[in-house]
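# Overview (structure and organization)
Given next are the chains, with one letter for each unit.
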Amino acid sequence: MGIARMKKLTLLAEQKEKDNVLLAMQEMHNIEVISLREVLEKDEVPLLDGLHFEESKETVGQLTQNLQDIRYAISFLDQYVPKASLFKSMQKKRPVYSLADLEVKVAEKDFKTLLHRVDYMEQTLLSLEEDLNELKKEEEFFRQWQHLEFMPSETTALPHFNIQVGTIENERAQLFEDRLNELDSAYAEDIYQSRDTWGFLVVVRADEVDESKEILQQNGFQPLKYSYSDLPKEELKANLAKQKQILEKIAEEKESLKFYRDTRDHLRLTEEYFYNKREREKAKELMVNHEFVFVISGWTEADKIDSHIEHIEQNCDNQAIAFFQFDVEDEEIDDVPTVLDNPALVKPFESITSQFGLPKYDGFDPTPWYYPFHIAFFGMMSADLGYGLLLWLATWYALKYFELSKGMKSSLQLFNQLSYGTMAFGLVFGSFMGLDLPFRVMNLTDNVITVMGISVALGIIHMLLGYGIKIYLAMKEKDYVSAYLDGAQWALILLGISVIGLNMVFFNIDWLMTAGIVLILGNVLGMFLVKIFSNKNKLAGIGQAAFGIMDIAGMVGDLVSYTRLTALAVSGANIGMAFNLILGLLPPLARFSIGVILFVLLHALNIFITYLGAYVHTMRLEYVEFFGKFFDGGGKEFKPLKTLEKYIWTK
């Protein structure tokens, strides 16, 4: 329980077994390949004659490009291939392939031919849509000028009048008309008005052309450029007919894409294959090669190493391969990946630790220690038997009947366990969907102070555990100063505050009050003494101790943070009761018709708000009030050579 013990597994094998070894390692998902180049450079070991590192960047680059092309094609087809409902898609079982079977399946069709076919369909659609966009632009133009009853080119034949058609910006339109009206024979008629421009027909007598030109230029008149053979209204009809044809063609092409499911599914398998192959090619860069043999090394869990060796031997010629096992050396600690190893019940909660940061390989895994508190805190803040039953039922059904990724399965297992805390506190407070149960341990609304006391008591235990872990870790490192200043001192001060609080509420005994004060003041004095004697600069030690007193306020603030357990419990319960009260005011007919729908919707909203608040604030209590006491991250994530498993499972 805690952090898995790791070992280094090194293989020396003939070159002919390289691909088989990598396939076997990838299938196990449990060996992180080490860069032997970095190891040799770090230890300043010269590379012996005949040894070399494989350069596969070009191959990796080509595989990456293939992956990008395949993923783009899949995303394109996903837009048109009919999708199953979310419920059915979650229930659909993924196919299972060995890596060898996957390679055979992918080889049945040439992926480049499939990509070319998809690309042709995409380009066809793009071309049609570009044509459609151009027609839409023309349509807008024709709609603006559809009331123009003559061709602009016909106006040049009139000897006594100058006729022009064009546009002016909206803000200049009125001024333009006013200026033209000042001329004796000028006439302006607006053809259309849009948000930005006005279209005008301007008629001027031949002897006033020069004056009209000046007015047109001053107001930014843009002559109409009309290159079409028919009037705008006729061109509009033709345009709309062409658009209809293109839309029908687009619909036909999209309809045909619905039958590309087999192509899409095969490309998905191809994505899996190329991803897996690329990862193996990357691993080849990390090994040392000779003309006849190669060496590869990686970290794996010690208790699984024998099964790994057996699996590799089954997939290779065991006469052509040698295995070497090495324990972790002290100088390798920082390079060893951290694998959390906890019982099945606790394992889903490892994700919470990982989100904050992994401990180092020789560090401390807090997961099993905060596990019961996490369930209790979440349950107390969302305390309702009905809400808990719904969460349990939803997660149980999904875990039993849905095909889930490993990450999703772990998350649902976590929430499934959290539902037990919700149901337990729902029974304690006698709440079911905001309704009062006929039995309860205490009434939440009537006993807010008592519940708050329980919250703070849980917080004290939680914080004391954090300080206790800090003491243990510091003592393990023989750092006795830190064990006292960062652990024991604050634990004793917290006990002193707790004793004073309990005495004031329940006992009112003088010697208990004195004991609490002694614990607080004694450890404040202890802080000064330890700071002074452990610091070479005594004045600096006094200053650090003086600043340390201010941290008492921070500790009290941490303690007060646990009252949020009560606050969220009361708010969630009261909102649920308020919803029920409102629905109870409805007439009987409405109560059992629309009221049922409102009951479901309102409580669904309250469930969402309640669980969101409980989840976020529980995480905060763990990360700030607990992890903050002792946790040091810096652990290296375990990144084994593994398959993609996006659409399939690997044997």
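Quick summary incoming for the structure in this document.

Regarding its fold elements, the protein chain presents 22 helices and 18 strands. Counting only C-alpha atoms, the protein chain reaches 115 × 80 × 70 Å along its principal axes. A buried classification covers 45% of the 651 residues belonging to the protein chain. In the protein chain, the proportion of contacts linking residues at least 24 apart, taken out of those at least 6 apart, comes to 81%. Each charge sign in the protein chain was given a centre, from 64 positive and 91 negative side chains, and these centres are 5 Å apart.

Below, the discussion takes up unusual backbone geometry. The phi torsion at H29 lies on the positive side, around 55°, for a residue other than glycine. Along the polypeptide, H29 turns up in the loop between α1 (18-28) and β3 (32-33). A positive phi is found at K478, a non-glycine position, where the angle reads about 60°. With respect to the element layout, K478 can be found in the loop between α16 (448-476) and α17 (480-507).

Among the surface-exposed residues, L12, F292, V293, F324 and F326 lie close enough to one another that they form a single nonpolar patch of about 440 Å² accessible area. Its place among the elements puts F324 in strand β12 (residues 321-327).

Taken together, the side chains of E329, D330, E331, D362, E477, D479 and D486 present a region of like negative charge at the surface. Structurally, E477 can be placed in the loop between α16 and α17. Accessibility expressed as a relative area gives 58% for E477, which makes it exposed.

To continue, consider the packing of α1 against helix α10 (residues 261-284). One way to put it is that α1 packs onto α10 with a least axis distance of 10 Å and a crossing angle of 115°. Two packed elements cross with a definite hand, and for α1 against α10 that hand is right-handed. Together, K18, D19, L22, L23 and Q26 of α1 and N276, E279, R280, A283 and K284 of α10 make up the contact between the two elements. When grouped by side-chain class, the residues that make up the contact of α1 with α10 number 3 nonpolar, 2 polar and 5 charged.

For the structure on display, the rule yields 37 aromatic pairs. Relative to F142, the ring of F141 lies with its centre 5.8 Å away and its plane at 65°, an arrangement referred to as edge-to-face. Accessibility expressed as a relative area gives 1% for F142, which makes it buried. Ring centres 4.9 Å apart and planes at 85° place the aromatic pair F349 and Y371 in the edge-to-face group. With F349 in the loop between β14 (340-341) and α12 (350-356) and Y371 in helix α13 (residues 367-381), this pair connects stretches of sequence that are 22 residues apart. On the basis of relative accessible area, Y371 is assigned to the buried category, the value being 16%.

What follows deals with the sheet that holds strand β8 (residues 197-205). The sheet built from 4 strands is open, its strands ordered β7-β8-β6-β9 with antiparallel pairing. The outermost strands of the open sheet, each flanked by one partner alone, are β7 (187-193) and β9 (222-223). With 2 bridges joining them, strand β6 (residues 161-169) and β9 adopt antiparallel strand pairing. Considered in β9, the bridge of T167 is made with Q222. Sheet strands touched by helix α7 (residues 170-181): β6, β7 and β8. Its angle to β8, the strand with the most contacts, is close to 15°.

It is worth spelling out α13 at this point. Given a rise of 1.5 Å per residue, 15 residues ought to cover 21 Å, and the 21 Å separating the end C-alpha atoms of α13 matches this to within 8%. Along α13, 13 of the 15 residues are buried, which leaves the element largely enclosed by surrounding structure.

Counting 59 residues, the largest nonpolar core has F349 and F377 as its most contacted members. Not counting residues up to four positions away in its chain, the partners in contact with F377 are L458, H462, Y562, L565, T618, L621 and E622. Core analysis: the next-biggest nonpolar cluster, separate from the first, contains 32 residues, L63, Y80, V81 and L114 among them.

Along the chain, F141 turns up in helix α6 (residues 111-144). For F141 and P359, which are 218 residues apart along the polypeptide, the C-alpha to C-alpha distance reads 67 Å. The residues contacting F141, other than those within four sequence positions of it, are L224, K225, Y226 and Y228.

What follows deals with the pattern of salt bridges. Scanning the entire structure with this criterion turns up 31 salt bridges. In this structure, the salt-bridge partner of E134 is K137, at a minimum N-O distance of 3.9 Å. Taken together, the residues span about one helical turn, with E134 and K137 both in helix α6 at a distance of 3 residues. A salt bridge links E625 to R620, with the shortest nitrogen-to-oxygen separation between them at 2.8 Å. A relative accessible area of 0% means that E625 is categorised as buried. Taken together, the shared-partner salt bridges connect D78, R264, D265 and R268 into one network.

Okay, α10 next. For α10, built from 24 residues, the straight-helix expectation of 34 Å at 1.5 Å per residue is met to within 8% by its first-to-last C-alpha distance of 35 Å. The buried fraction of α10 amounts to 18 of the 24 residues, a majority that puts the element mostly inside the structure.

Quick look at the packing of α17 against helix α18 (residues 510-534) now. To describe two helices that pack against each other, one gives the angle between their axes and the distance between the axes. Taken N-terminus to C-terminus, the directions of α17 and α18 make an angle of 165°; their axes are 8 Å apart at the nearest point. In terms of axis orientation, α17 runs roughly antiparallel to α18. Crossing angle aside, the handedness with which α17 passes α18 is left-handed. Class assignment of the residues belonging to the contact of α17 with α18 gives a composition of 19 nonpolar, 7 polar and 1 charged.

Now for empty space enclosed by the protein. Following the criterion strictly, the structure yields 2 cavities of 30 Å³ or more and no others. For the largest cavity, the full set of lining residues is M381, S382, A383, D384, Y387, S431, G434, L568, A569, G572, A573 and T610. In this structure, the second largest cavity occupies an estimated 30 Å³ of space. Taken together, L23, L99, L102, E103, Y273, N276 and R280 form the lining of the second largest cavity. Mapped by element, the contributors of at least two residues to the lining of the second largest cavity are α5 (99-106) and α10. In terms of residue class, the lining of the second largest cavity is built from 4 nonpolar, 1 polar and 2 charged.

A volume near 1300 Å³ is recorded for the largest pocket. Lining the largest pocket are 37 residues; nearest its centre among them are K347, E350, K406, F638 and K642. Residue assignment for the lining of the largest pocket shows that the elements contributing at least two residues are β14, α12 and α15 (406-429). The dominant element in the lining of the largest pocket, judged by the number of residues it contributes, is α15, at 8 residues. Grouping the amino acids of the lining of the largest pocket by side-chain chemistry returns 13 nonpolar, 12 polar and 12 charged.

About the thresholds
Per chain, the residues get numbers from 1 upward, laid out in the order the sequence is written. In keeping with the predicted nature of the model, local features appear solely for residues at pLDDT of at least 70, side-chain atom pairs appear and are counted solely at 80 or more, and the whole-chain, interface and lining totals rest on all residues. Water and hydrogen atoms play no part in the side-chain values, which are based on all heavy atoms of the structure. Counting from the N terminus, the helices are the DSSP runs of H or I reaching at least four residues and the strands are the DSSP runs of E reaching at least two. Relative accessibility decides the category of a residue: with a 1.4 Å probe and only protein chains considered, values under 20% of the type maximum give buried, values over 50% give exposed, and everything between is partly exposed. The contact criterion used throughout is that any non-hydrogen atoms of two residues lie within 4.5 Å. His is not counted here, nor are the chain ends, while Lys and Arg score as positive and Asp and Glu score as negative. Here the site of a charge means atom NZ of a Lys, CZ of an Arg, CG of an Asp or CD of a Glu. Only residues whose relative accessible area exceeds 30% and that form no salt bridge enter a patch; like-charged residues are grouped when within 9 Å of one another, and nonpolar side chains (Val, Leu, Ile, Met, Phe, Trp, Tyr) when within 5 Å. For accessible areas, the Shrake-Rupley method is used with a probe of radius 1.4 Å. Any residue's cover is judged against the shown protein chains and nothing else. When a carboxyl oxygen of Asp or Glu lies within 4 Å of a side-chain nitrogen of Lys or Arg, that pair is called a salt bridge. Note on method: axes are straight lines fitted to C-alpha atoms, helices fitted across the in-contact stretch only, with angles between N-to-C directions ranging 0 to 180 degrees. The hand of a helix crossing depends on one turn: near helix anticlockwise from the far one by less than a right angle means left-handed, and clockwise means right-handed. Under the scheme applied, nonpolar residues are Ala, Val, Leu, Ile, Met, Phe, Trp, Tyr, Cys and Pro; charged residues are Asp, Glu, Lys and Arg; polar residues are all the others, including Gly. Classification of ring pairs rests on two measures: the distance between centres of Phe, Tyr or Trp rings, Trp counted by its six-membered ring, which must be within 6.5 Å, and the angle between planes, read as stacked under 30 degrees, edge-to-face over 60 and tilted in between. Paired strands are those between which DSSP finds at least two bridges. To estimate how far a helix should extend, the number of its residues minus one is multiplied by 1.5 Å. Take the buried residues of types Ala, Val, Leu, Ile, Met, Phe, Trp, Tyr and Cys, join any two whose side-chain atoms come within 4.5 Å, and each joined set is a nonpolar core. Any angle that is under 35 degrees is reported as roughly parallel, and any over 145 degrees as roughly antiparallel; angles of 65 to 115 degrees are reported as roughly perpendicular and all others as oblique. Both site types are read off a 1 Å grid over the protein atoms alone. A 1.4 Å probe that fits but cannot get out defines a cavity, while an open set with protein on both sides within 12 Å along at least five of seven lines defines a pocket; lining residues have an atom within 4 Å of a point. Grid points are joined across faces, edges and corners, and a volume is the space filled by probe spheres set on the points.

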